[in-house]
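A look at the structure
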Amino acid sequence: MSSMPTIEYREYSNEMSLEDIFYNFTAKERHNYAFVEMNIKNFQYFNARFGRIYGDKILNDIETILKKFLKDRGYFHKREGDTYHFFIYCPYEESKGISADEFVVNQFLIELTDELFFNKQETINENIFTSFGIVMPYDFGDEYEDLIVKASVVRKHCPELKKRSYSFEVYTEEKFQKFLDKQELMYRVTEARMNDEFTIYVQPKVNIHTEKIVAGEVLLRWPGSGGISLYECFSVLNEVGEIYSLDLYNFEKVCRYLKEGIDKGEKRVPMSFNIPNITVTDVDFRKDYMSRVEEVGVPKEYIEFEFLEDIQYKDGEVVKDVIRSFREEGFNCSLDDFGAGNASFSVLLKGYINIIKLDRIFFRDEINEDRKKIIKSIIDIAKTLNVKVVAEGVEDKEYIDFLKTVDCEVVQGFYYYRPMPLEEFQALLDKQESMT
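None of these values were measured; they are calculated from a predicted model. (Residues numbered from 1 in each chain as written. Predicted model: local features only at pLDDT ≥ 70, side-chain atom pairs only at ≥ 80, totals over all residues. Heavy atoms only, no water.)

**Considering the pattern of salt bridges**
Taken as a whole and judged by the stated rule, the model has 25 salt bridges. One salt bridge in this structure joins aspartate 196 and lysine 253, with 3.7 Å as the shortest N-O distance. Here aspartate 196, found in the loop between α7 (173–194) and β6 (199–207), pairs with lysine 253, found in helix α9 (residues 242–264); they are 57 residues apart in sequence, far enough to count as distant. Under the relative-accessibility criterion, aspartate 196 is labelled partly exposed at 39%. Taking the shortest distance from any N to any O, the salt bridge between arginine 256 and glutamate 252 comes out at 3.0 Å. Taken together, the positions of arginine 256 and glutamate 252, both in helix α9 and four residues apart, correspond to about one turn of that helix. Overlapping salt bridges, with partners in common, bring together Lys205, Glu217, Glu304, Glu306, Lys357 and Glu392 in one network. (Salt bridge = Lys/Arg side-chain N within 4 Å of Asp/Glu carboxyl O. Helix = DSSP H or I, 4+ residues; strand = E, 2+ residues; numbered from the N terminus. Buried < 20%, exposed > 50% of the residue type's maximum accessible area, 1.4 Å probe, protein only.)

Right under this line is the structure:
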């Protein structure tokens, strides 16, 4: 406590809330305090394990510690809900050579977390873990509720929030704007899905010996994204669960495209669909996709499911059952990004998939003898296991010439084609068909 600043402290009535105190602060007093939201990370555990009465005892003990810690220096109150929060005005003063957030952390949070964690109260000794959102006085504004929003946002979006030990984040306009931008993007991608703004693109897969298109990978583009990168877009879709609905909707559209063309005697080739990791463990995943295939009546040999190389194959039997069931139904299952993670060979040995897609990392740099040996070894192993190989991300003729010598027949990459709208892809197939 000795390191905390000495300020002109004014005693307020016990009946006054922290909000009342905020509006009664003089301009000078507001400059003397930082606003802090403190959350007890593991509090629900205590209620669930020991009961509400025990949980209330913990809260009372924390309040006792805070009263002692802030005596004649700061103010606090508790807000209850599903999680437990304490809101605090902690003493603050400008210090040369020390940033504002360093001052609050070093002069307040470290001491407070030590007091809470190592306190000899039986209920909380070395069991309390905390997270903090901090708003410095120069970012206060005129409304108390704005303080709570600012502190809560930065606390919940702290990169270290999931750590068991204490975590903290200091409010800045940049961090807050980043949060607002992300929320806006969430609304925009949801609206785009509902308005059918996403466009189906296909990247051809080419037989390098005949140079004919033999398959395609289904991709999505958002023409009205306003410059938002695909990474940002699909990251948000994944996070809010929109990716499942979007993928399923477009899966059905492509299935209908395949079935209608086959029925008319038009040229169609097998199409592959990326399956995000979050989708694989969805309880309705198999049923939803199978029902679309059966309803449309598309031949199963025209469908390939691409699973990411970093998928969590160790998660029980769920993933293995999914892939096994699709294979037994007659679908092709491939492992995307092969070689970019750590599950590659373990999955190969299990026999869960029948196609691997060599990741673009193998073809990114200038070709050399060591690289050739690695690529050839992987292809040889795959052939031994009756697994087909697709080389992905190939852009240079040198790699094409080499792949022809090691029995890798199919390539997907810019050397032949970039992703294109489905209509353009079909036009290429029609042209190819007319030339045979």
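**Here's the deal with the pairing of β6**
Counting buried residues in β6 gives seven out of nine residues, a clear majority hidden from the surface. As judged from the nine bridges shared by β6 and strand β7 (residues 212–221), these two strands associate in the antiparallel manner. Residue isoleucine 200 lies in a different strand from β7, and its bridge partner there is leucine 220. Between β6 and β7, which pair antiparallel in sequence order, lie four residues; one of them, glutamate 211, sits at a positive phi of approximately 60°. Examined bridge by bridge, β6 and strand β14 (residues 420–421) share two bridges and lie antiparallel to one another. When the bridges of β14 are listed, tyrosine 201 appears paired with proline 421. (Pairing = 2+ DSSP bridges.)

**Focus: the confidence of the model for the protein**
On average, the protein scores 85 in pLDDT, and the residues at 70 or more come to 89%. At the low end of the mean pLDDT range in the protein sits helix α13 (residues 344–350), at 65; at the high end sits strand β13 (residues 410–412), at 97. (pLDDT = per-residue confidence, 0-100.)

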